[in-house]
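Here is how the chains run, residue by residue.
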Amino acid sequence: QFKISNTRPQFKGDMRLNPITGLPETHTSTKKIVLAYLISVLIHVPMILLSLGITSLFLNIKGNVLPTHWIYVDQLTQLSKPGALFDKKSKMNIIVSMLQVTFKIIFTKINATITKKTTDWENHTTHISYNNSMTVKRFTFAITYTFITLVYIAFWKLDINALRLELIGLFASDEIKRLVNESIIPFVVKKITAKKLSKHDHHKGHKTSSLNDSGKKYHPLSSKFHQQSIQEYVVEKVNETNQGEYNVYEDYYEMVIQFGYITLFAA
């Protein structure tokens, strides 16, 4: 029987004899682990504070901050007054929401890069602890940055109308972003790849033979469909090879965020 080890190949430490089994193993001290975790937390705190600052900025621009609260900025709140640039009744609100989602995309990507580096720095022994640390850090940031605006309006400002507008704006912007990333961009990339491949074949002077293995001619229509199906298959495989490694986190992240929109604020 073979036992598959859950120890990460990237784990670094000093060799020692296991006190229980007596077998050699790689080991690192608890002090080093705690220090790595502490540094990791200190690196992530500025990102969370910066995201909260951006969130308060948009809350002020949309006029959703109470004048008595310390995050209130009068100059920004004036932009949401009737007749101003971001009047609550104007269509400019959706543009602000789109900007909000754009900032969220940028900050999420930056945070993902930082999370990867800090989790590597933590030098986890097992794959499970590594993945758990990565997930906790990314979800903590994502959920905080995504829902803090709605939480403030719902539970501090207690304004159901503002909550409704904010929820619709953020959810619609999120869906537009998802539509662009998962449908429009892949469609455009597929078309561009197909065009490049057809140009490449044309320059090489390749011509599809009209004869099959038995020497009989194909029906022109059948040959056309045959060529088209081969080209579509090649385009699909080329696009697959150009894509990065599949990340299950992204799919679960989208489901959790949508579930949060529905369960926390839809009522």
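Quick summary incoming for the structure in this document. (Residues numbered from 1 in each chain as written. Predicted model: local features only at pLDDT ≥ 70, side-chain atom pairs only at ≥ 80, totals over all residues. Heavy atoms only, no water.)

### Some words on the nonpolar core
Spelled out, the test is: Here, nonpolar core refers to any group of buried Ala, Val, Leu, Ile, Met, Phe, Trp, Tyr and Cys residues whose side-chain atoms link them within 4.5 Å. When a residue's accessible area, from a 1.4 Å probe over protein chains only, is under 20% of the maximum for its type it is buried; when over 50% it is exposed; and in between it is partly exposed. Elements are defined by DSSP. Helices are runs of H or I of four residues or more, strands are runs of E of two residues or more, and each kind is numbered from the N terminus. By definition in these notes, contact holds between two residues if any of their heavy atoms fall within 4.5 Å.
Within the largest apolar cluster, 19 residues are counted, with the highest numbers of intra-cluster contacts made by L150, Y261 and F265. Sorting the residues of this core by element identifies α4 (127-157), α5 (160-204) and α7 (248-265) as the ones contributing at least two each. By residue number, the principal contributor to this core is α4, which donates seven residues. Excluding anything up to four places from it in sequence, Y261 contacts K104, T146, F147, L150, L167, L170, F171, D174 and A266. Core analysis: the second largest hydrophobic core is formed by nine residues, M47, F58, I61 and Y145 among them.

### Quick notes on the packing of helix α1 (residues 30-61) against α4
Convention followed: Axis lines are fitted to C-alpha atoms, over the contacting stretch for helices. Their N-to-C directions set the angle, which ranges from 0 to 180 degrees. For classification purposes, angles smaller than 35 degrees are called roughly parallel, those larger than 145 roughly antiparallel, those between 65 and 115 roughly perpendicular, and all remaining angles oblique. Helix crossings get a hand from a simple test, with the near helix turned counterclockwise from the far one by less than a right angle marking a left-handed crossing and a clockwise turn marking a right-handed one. The residue classification treats Ala, Val, Leu, Ile, Met, Phe, Trp, Tyr, Cys and Pro as nonpolar and Asp, Glu, Lys and Arg as charged. All others, Gly included, are polar.
Running from amino to carboxyl end, α1 crosses α4 at an angle of 25°, the nearest separation of the two axes being 10 Å. Judged by the inter-axis angle, α1 sits roughly parallel to α4. In the crossing of α1 with α4, the sense of the turn from one axis to the other is right-handed. Between α1 and α4, the contacting residues are S40, H44, M47, I48, S51, L52, I54, T55 and L59 on the first element and K137, F141, T144, Y145, I148, T149, Y152 and I153 on the second. Partitioning the contact of α1 with α4 into residue classes produces ten nonpolar, six polar and one charged.

### Concerning the pairing of strand β1 (residues 14-17)
Test applied: When DSSP locates at least two bridges between a pair of strands, those strands are taken to pair.
Sheet topology places β1 next to strand β2 (residues 24-27); four bridges connect them, and they run antiparallel. Within β2, the residue paired with D14 across the bridge is H27. Counting the residues in the hairpin turn of β1 and β2 gives six residues, including G22, whose phi is positive at 75°.

### A look at the pattern of salt bridges
Convention followed: Salt bridge, as used here: a side-chain nitrogen of Lys or Arg that lies within 4 Å of a carboxyl oxygen of Asp or Glu.
Enumeration over the complete set of coordinates arrives at six salt bridges. One salt bridge in this structure joins K137 and E122, with 3.0 Å as the shortest N-O distance. Here the residue K137 occupies a position in helix α4, and E122 occupies one in the loop between α3 (92-121) and α4, the gap between them amounting to 15 residues. Judged by its relative accessible area of 14%, K137 falls in the buried class.

### Topic: the side chain of H44
As a reminder of what qualifies: Here a polar contact is taken to be a pair of N or O atoms separated by no more than 3.5 Å, where protein atoms must pair a possible hydrogen donor with a possible acceptor and residues adjacent in sequence count only if both atoms sit in side chains.
Here H44 is to be found in helix α1. At 3.0 Å, the side chain of H44 and the side chain of T118 are in polar contact. Dropping the residues within four chain positions of it, H44 is found in contact with N111, I114, T115, T118 and K137.

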